[in-house]
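Residue-level structural notes
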Amino acid sequence: MSSEILPSETIVALSGGVGGAKLALGLAKHLADEQLMIIANTADDFEHLGLSISPDLDTVMYTLAGINNTEQGWGLANESWNTMDALEQLGGETWFRLGDRDLATHLERSTRLRRGESLSDVTQYLCEQLNIGCRLLPMTDDPVRTLVVTDQEQLSFQEYFVREQCQPKVLSLDFAGIEQATAQAEFLNVLESDQLQAIIICPSNPFVSVEPILSLAGVRDRMKNSKAPVIAVSPIVSGAAIKGPAAKMMRELNMPSTVSAVAAYYGDLLDGFVLDQRDQEMEPEIAAMGVATSVQQTIMTSLDDRIALAQSVLSFAADLASQ
Ligand code: FO1
């Protein structure tokens, strides 16, 4: 088995927030900066308190910079909440918690976007300031917004996720703006590149974190046509999401909350699927879909776990590429 990745070869990782960011960090520890391109979902983005908030981009960015809040899973470590406290006293909106230091990111992003810079340029600028070497890009520079149609009302993603704590029953999901949006140009180019070594779908929510990226015009076709293997890492372990509402959403969308249902959801896009040791009994079912499988320890508690899973995924990709 060869896990050797040549310097000129590129790995693309598609990521949502927390789970994706963990694997992205593991990949960054193995690869040279120029080898790794991380594409973050921006359909969770929203405008709040007059600011442009990009939660998944920021979770990945803070994680790569080593300044993320590991207990919360989002935001910055060593955060203070004076602005939120003061806002509360004034009767302002505080259901979406923006820490004092995190606010600096949203202020700088919003100022630059208002000046006419693209989200890609702003993200690159912020990454440079935080000494992040690999490429982190939004899936698109155009606005795409997830709308959650629930049994009660239609909600923006953050209203559903944070304000309503994922309680309402999900009937369907809609990505407003997806048809008008153009996938990030560098992302589209790399999907057509001979240098592309693997496309890794991180263990992120398939429906709200990965699906918006795949739904951008040209992305799915280029992934299917790429010679590089497409490998997904399951965000579901033993029928439960490692974090977030993926399993609950699956049941509400009339799917069993299993790893094979995740593999079936991605369908013929996949060459390989990484499932957790605890779901080993599902391996034959996934193999029967014509997808190569790799059983790993996928729960990433420590930095060593992130590095080990990334190594396994890269080895799996190298194996599939050599077949
Ligand atoms: N998640 C929460 O559960 N509560 C919050 O108050 C909250 C604030 C927040 C602020 C900035 C940011 O970048 C992310 C934030 N998140 C918060 C996380 C985030 O909204 C979700 O984890 C993602 O959208 C899901 O990937």
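Quick summary incoming for the structure in this document. (Residues numbered from 1 in each chain as written. Predicted model: local features only at pLDDT ≥ 70, side-chain atom pairs only at ≥ 80, totals over all residues. Heavy atoms only, no water.)

On to unusual backbone geometry, then. Phi angles above zero are rare outside glycine, and Leu49 is one such case at about 55 degrees. Along the chain, Leu49 falls in the loop between β3 (46-48) and β4 (51-53). (Helix = DSSP H or I, 4+ residues; strand = E, 2+ residues; numbered from the N terminus.)

A few words on helix α4 (residues 100-114). Compared with the 21 Å implied by 1.5 Å per residue over 15 residues, the 21 Å span of α4 between its first and last C-alpha is a close match. Along α4, the residues classified as buried are Asp100, Asp102, Leu103, Thr105, His106, Arg109, Ser110 and Arg112. Two residues or fewer past α4, Gly116 is found with a positive phi of approximately 105 degrees. (Expected span 1.5 Å × (residues − 1). Buried < 20%, exposed > 50% of the residue type's maximum accessible area, 1.4 Å probe, protein only.)

This part takes up the nonpolar core. Core analysis: the biggest nonpolar cluster contains 54 residues, and Leu14, Ile39, Phe187, Ile201, Met223 and Phe273 have the highest contact counts within it. Not counting residues within four places of it along the chain, the set of residues in contact with Phe273 comprises Ala232, Ser234, Val259, Val262, Ala263, Ile286, Val291, Ala292, Thr293, Ser294 and Phe316. In terms of nonpolar packing, the next biggest core, distinct from the first, is built from 38 residues, Leu31, Leu64, Leu76 and Leu320 among them. (Core = buried A, V, L, I, M, F, W, Y, C linked by side-chain atoms within 4.5 Å. Contact = heavy atoms within 4.5 Å.)

Now for the site of the ligand. Asp44, Asp56, Trp74, Arg97 and Gln158 are the nearest of the 13 residues found near the ligand. At 2.9 Å from an oxygen atom of the ligand is found a side-chain nitrogen or oxygen belonging to Asp44. When isolated, the ligand has an accessible area of 530 Å², and the protein chains bury 90% of it. Contributing elements (two or more residues each) for the shell around the ligand: α2 (55-65) and α6 (157-163). Of all the elements, α6 adds the most residues to the shell around the ligand, at 4 residues. Looking at the shell around the ligand residue by residue, the class counts come to 8 nonpolar, 1 polar and 4 charged. (Near = heavy atom within 4 Å. Polar contact = N/O pair within 3.5 Å; in protein donor to acceptor, adjacent residues only side chain to side chain. Areas by Shrake-Rupley, 256 points an atom, 1.4 Å probe, with all protein chains shown as cover. Nonpolar A, V, L, I, M, F, W, Y, C, P; charged D, E, K, R; others polar.)

Here we take up the sheet that holds strand β13 (residues 272-276). Taken in spatial order, the 7 strands make up an open sheet running β5-β2-β1-β9-β10-β13-β14, and their pairing is parallel. Taken across any chain shown, the strands that pair with only one partner, and hence form the sheet edges, are β5 (135-138) and β14 (292-296). In this sheet, adjacent strand axes meet at a mean angle of 20 degrees when their direction is disregarded. Examined bridge by bridge, strand β9 (residues 196-201) and strand β10 (residues 230-233) share 3 bridges and lie parallel to one another. Within β10, the position partnered with Ile201 by the bridge is Ala232. (Pairing = 2+ DSSP bridges. Axes fitted to C-alpha atoms, helices over the stretch in contact; angles between N-to-C directions.)

Running from amino to carboxyl end, helix α1 (residues 18-30) crosses α2 at an angle of 35 degrees, the nearest separation of the two axes being 9 Å. Of the two possible hands of crossing, α1 and α2 adopt the one that is right-handed. Mapping the contact onto sequence places Val18, Ala21, Ala24, Leu25 and Ala28 in α1 and Thr59, Val60, Thr63 and Leu64 in α2. Broken down by class, the residue content of the contact of α1 with α2 amounts to 7 nonpolar, 2 polar and no charged. (Left-handed = near helix turned anticlockwise from the far one by under 90°.)

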